[in-house]
Amino acid sequence: MDRPTGSGRRPRRRDRHGRGLRGPLAPPQVPLSLSRSELFDDYVRESVERLERRWPQLTAVEFAVQDVPAPLPGEPEPELENVRAEDVPLGRLIPAGQGRPDRIVVFRRPVETRAKGRDERAALVHEIVVEQVAELLGMDPDTVDPSPDGED
């Protein structure tokens with residue numbers, strides 16, 4: 001067996017038995033290769049795109065995803081023993097101010113704990129985005145998105 005001596009490099013062992021180098025299990029464009037946070041971002045993006053077709057003024061709104069809600073400036077930090085799961089917000093509307101646009105934030109971790117499957121998670125994300133947009137526009141959520149299944 002030929003081994004390099006003195007170079008400090010180990011022989012390449014990934015191409016064992018002539019099967020080629022190991023690669024990813026799925027190509028990058030396949031959903032299997034997306035992380036949970038990337039899938040969640042896609043749910044929010046799809047929901048926003050659906051609503052922007054109906055409400056073009058939403059292009060001026062900034063949409064974001066955060067892992068967990070943080071208190072707004074000036075809000076006290078909640079006591080952990082007093083927080084119940086149903087009290088944790090799933091989304092938040094931050095009105096425009098100081099040169100920044102209106103912002104709608106969806107909180108990934110609380111949504112993931114409440115919705116178990118992909119379809120249920122996507123539906124909950126859309127519902128949250130619709131509620132926040134309705135609050136921003138001063139409308140009823142059924143007016144913002146009248147379709148019962150969230151599809152156009």
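The structure under discussion appears in the preceding block.
Residues numbered from 1 in each chain as written. Predicted model: local features only at pLDDT ≥ 70, side-chain atom pairs only at ≥ 80, totals over all residues. Heavy atoms only, no water.

Student: Would you explain the sheet that holds strand S2 (residues 91-94) in this entry?
Tutor: Strands pair in a sheet through their backbones, by hydrogen bonds, and they do so in one of two ways: parallel or antiparallel. On the basis of which strands lie adjacent, the open sheet formed by three strands has the order S1-S3-S2 and mixed pairing. The open sheet has two free edges, formed respectively by strand S1 (62-66) and S2, since each of these has just one partner strand. Going across the sheet, the axis of each strand differs from the next one's by a mean of 20°, ignoring polarity. Summarising the sheet, S1 and strand S3 (residues 103-107) pair through five bridges and their orientation is parallel. Its bridge partner lying in S3, Gln66 is registered against Phe107. (Pairing = 2+ DSSP bridges. Helix = DSSP H or I, 4+ residues; strand = E, 2+ residues; numbered from the N terminus. Axes fitted to C-alpha atoms, helices over the stretch in contact; angles between N-to-C directions.)

Student: Where do I start with the pairing of S2 in this structure?
Tutor: If a strand is regular, its side chains alternate between the two faces of the sheet. Taking every second residue as pointing to the same face, both faces of S2 are buried, with Gly91 and Leu93 on one and Arg92 and Ile94 on the other. One ladder, built from four bridges, connects S2 with S3; its direction is antiparallel. Note that in S3 the partner of Gly91 across the bridge is Val106. (Buried < 20%, exposed > 50% of the residue type's maximum accessible area, 1.4 Å probe, protein only.)

Student: Please clarify how the packing of helix H1 (residues 36-54) against helix H3 (residues 118-137) should be interpreted in this entry.
Tutor: Axes are the key here: two packed helices are described by the angle between their axes and the distance separating the axes. Two elements in contact, H1 and H3, have axes separated by 9 Å at closest approach and are oriented at 50°. Looking at the two axes, H1 sits oblique to H3. When the axes of H1 and H3 are compared, the crossing they make is right-handed. Touching Leu39, Phe40, Tyr43, Val44, Ser47, Val48, Arg50 and Leu51 of H1 are Arg118, Arg121, Ala122, Val125, His126, Val129, Val130 and Val133, all from H3. Class assignment of the residues belonging to the contact of H1 with H3 gives a composition of 11 nonpolar, two polar and three charged. (Parallel < 35°, antiparallel > 145°, perpendicular 65-115°, else oblique. Left-handed = near helix turned anticlockwise from the far one by under 90°. Contact = heavy atoms within 4.5 Å. Nonpolar A, V, L, I, M, F, W, Y, C, P; charged D, E, K, R; others polar.)

Student: Is there a simple way to think about the environment of Trp55 in this case?
Tutor: Mapped onto the secondary structure, Trp55 falls in the loop between H1 and S1. Trp55 sits 78 residues away from Val133 along the chain, and the two C-alpha atoms are 9.7 Å apart. When near neighbours in sequence (up to four residues on either side) are disregarded, Trp55 contacts Leu137, Met139, Thr143 and Val144.

Student: Help me out: how do you make sense of the pattern of salt bridges in this one?
Tutor: Where charged atoms of side chains with opposite charge meet at close range, the side chains can pair. Applying the stated rule across the entire model yields four salt bridges. The salt bridge partner of Arg45 is Asp42, with a shortest N-O separation of 2.4 Å. On the criterion of helical spacing, the pair formed by Arg45 and Asp42 is a turn pair, its members being three residues apart in helix H1. Residue class for Arg45 comes out partly exposed when judged on its relative accessible area of 43%. In this structure, Glu112 engages Arg108 in a salt bridge whose closest nitrogen and oxygen atoms are separated by 3.1 Å. Pair noted here: Glu112 and Arg108 are both in helix H2 (residues 108-114), with a separation of four residues, about one helical turn. What makes Glu112 buried here is its relative accessible area of 12%. Residue Arg108 is classed as buried on the basis of its relative accessible area, which comes to 8%. Connected through shared salt-bridge partners, Asp67, Arg108 and Glu112 make up one network. (Salt bridge = Lys/Arg side-chain N within 4 Å of Asp/Glu carboxyl O.)

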